[in-house]
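Observations on the three-dimensional arrangement
So you can see what is in the structure, the chains are spelled out below.
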Amino acid sequence: MKLHLRLFPKNRDKPKKIMSPLTKIKSALISVYYKDNLEPIVRKLHECGVKLISTGGTYDFISSLNIPCIKVESITGFPAILGGRVKTLDPHIFGGILARRNNEVDWVELAQHQIETIDLVIVDLYPFEETVAKSEDEEEIIEKIDIGGISLIRAAAKNFNDVLICASRNDYPSLLETLNRNNCATEISERQHFASKAFAVTSNYDAAIFNYFNKTACLPVFKKSIHSSRTLRYGENPHQHGVFYGELNELLEQLHGKELSYNNLVDVDAAMELIREFDEPTFAVIKHTNACGVASDNDLKEAWKKALAGDPVSAFGGVIITNRKIDAATAALVNELFLEILIAPGYDSDALEILKSKKNRMILIQKKNLAEGKNFKSLLNGVIEQDQDAVTDKAENFKTVTKKSPEKNQLSDLEFASKVCKNLKSNTIVLARNKQLLGMGCGQTSRVDALRQAIAKAKNFGFDLQNAVMASDAFFPFPDCVQIANEAGITAVIQPGGSVKDKDSIDYCDLHNMSMVFTGTRHFKH
């Protein structure tokens, strides 16, 4: 059955461009995967007398509301085929969407082919990304690549001069607001705004599909698309604009305090990168992305005390993170320090009350660890990308290169020191004992300077370095560092190895009864 609409206004021989700023919606095509929150929109359109056209499950949903709806098949004269792969790909649909209302030739062709105009398109695409996240079944994933829906979105968005497009269920609230504002009539600015959002949806969808296929194809193409964002108070400095792109709520839940800033997010990322290295109860204090205090202890309160002791001056106003639920006793100790952010996997209710005593303190729950994958950043006139440094140095993989082997307790300290060292800016040196950071030097142009800085910090906060261990993020090209370490009382060293002059450092250690292990893995961080 063909439906016929009057294509030309009454008493007009040929179409003229409508000068009114509002365009009334007379017909709408709705084809969505998720029907959540769709009902108020359908009811509003029906209230405005809008003719509704739909497909499959969406048609059934609208009909269940006792609202008249026309099946797409009755317009195209062709049933859905190939298991629903082809439903809307037809000139009677796309012609109605793409027709330019101010173009006389388009109107003539519409009349010639008995095509009706469509003023609103509502689409919610097959959940491709969700399917990839939860399934490894390739057939299921491929079937969630939307063809008709993506084409409808592009067509309607292209013709925003005449057609309103809503391309995501996330935009249902703003669509309903738009429909209510002028009783199902829209302004060009509104249609253009929705078109921009629609192309964001399609580009994000296509990027996700490409990245899925490119896992095996490995084409040298960089495509990242993040569909959600939040505007920050400012960037790194107040005169810089800042935006975070991503689903932060998937990782963190904020329980208290002011909104996270750009610098806060950078520090939180550094804190979460570090804490995932540790299995036993651990506290870390982060300042400007570097750890100034870290300690592990079976007693969480002791872990906090030892972490704070590492540098109580730098800890002021810092970011604190732990990998254990915080109890009231630990919270009381932490609360003595002025800190900006506290991150933990959970808090006892009485602990939370203590910590909330500071109005602006940001209290976060870490829901899960950061995912391993790729790191990238803008640079020069492009982007660089690399695999994440997912290697954690383990004692079972250490290679002892000196005559003396580390003691059992030294092995655990060397492992601890290496984990901390990996997460500091290069060049870096870490000094530790009893799974406590005693001193660190980072971001130095010379490894010797980094070591001298670490020794100075340790002594400044009253630490005796006798029988402490030293970790380096890269090899020693000369024996000067092991010599300085020995003179400070350090007895065991961990480093990647790989210098053509490794033997010089090994010989010095042998001569002075020091132990040294190689990891074979460098951990530069810039």
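Structural data are supplied above this passage.
Residues numbered from 1 in each chain as written. Predicted model: local features only at pLDDT ≥ 70, side-chain atom pairs only at ≥ 80, totals over all residues. Heavy atoms only, no water.

Overview of the overall build of the chain
Looking only at helices and strands, the chain has 18 helices and 23 strands in total. Each of the three principal axes of the chain carries a C-alpha extent, and together these read 105 × 50 × 40 Å. Classification of the 526 residues of the chain by burial places 48% in the buried group. Considering only residue pairs separated by 6 or more positions, the chain has 57% of its internal contacts joining residues 24 or more positions apart. Of the roughly 26,300 Å² that the chain leaves accessible, carbon and sulfur atoms contribute 50%. Once the 65 positive and 67 negative side-chain charges of the chain are each reduced to a mean point, those two points are 5 Å apart. (Helix = DSSP H or I, 4+ residues; strand = E, 2+ residues; numbered from the N terminus. Buried < 20%, exposed > 50% of the residue type's maximum accessible area, 1.4 Å probe, protein only. Contact = heavy atoms within 4.5 Å. Areas by Shrake-Rupley, 256 points an atom, 1.4 Å probe, with all protein chains shown as cover. Lys, Arg positive; Asp, Glu negative; His and termini not counted. Charge placed at Lys NZ, Arg CZ, Asp CG, Glu CD.)

Observations regarding the state of the cysteines
Counted under the stated rule, the structure contains one disulfide. Free cysteine Cys-442: the closest other cysteine sulfur is in Cys-292, separated by 9.6 Å. (Disulfide = S-S within 2.5 Å.)

Section: the packing of helix α8 (residues 148-158) against helix α10 (residues 188-217)
Where α8 meets α10, the axes come as close as 9 Å, and the angle between the chain directions of the two elements is 150 degrees. It follows from the interaxial angle that α8 and α10 lie roughly antiparallel. The hand of the α8/α10 crossing is left-handed. Touching Ile-150, Ile-153, Arg-154, Ala-157 and Lys-158 of α8 are Ala-195, Ala-198, Phe-199, Thr-202 and Tyr-205, all from α10. Across the contact of α8 with α10, the residue classes tally to seven nonpolar, one polar and two charged. (Axes fitted to C-alpha atoms, helices over the stretch in contact; angles between N-to-C directions. Parallel < 35°, antiparallel > 145°, perpendicular 65-115°, else oblique. Left-handed = near helix turned anticlockwise from the far one by under 90°. Nonpolar A, V, L, I, M, F, W, Y, C, P; charged D, E, K, R; others polar.)

With respect to the pattern of salt bridges
Side chains that differ in sign of charge can pair as their charged atoms come close. Per the counting criterion, the structure on display carries 22 salt bridges. The salt bridge involving Glu-177 is made with Arg-181; its shortest N-O contact spans 3.3 Å. Pair noted here: Glu-177 and Arg-181 are both in helix α9 (residues 172-181), with a separation of four residues, about one helical turn. With relative accessibility at 48%, the residue Glu-177 sits in the partly exposed group. With a closest N to O distance of 2.8 Å, Asp-507 and Lys-503 form a salt bridge. Linking Asp-507 with Lys-503, this pair stays in helix α18 (residues 502-511), spanning four residues, or about one helical turn. For Lys-503, a relative accessible area of 55% puts it in the exposed group. (Salt bridge = Lys/Arg side-chain N within 4 Å of Asp/Glu carboxyl O.)

Examining the side chain of Ser-472
Tracing the chain through its elements places Ser-472 in strand β21 (residues 469-472). On the basis of relative accessibility, which here comes to 8%, the residue Ser-472 falls in the buried class. At 2.6 Å, the side chain of Ser-472 forms a polar contact with the backbone oxygen of Ala-474. Setting aside residues up to four positions removed in sequence, Ser-472 forms contacts with Cys-421, Thr-428, Ile-429, Arg-447, Ile-494, Gln-495 and Pro-496. (Polar contact = N/O pair within 3.5 Å; in protein donor to acceptor, adjacent residues only side chain to side chain.)

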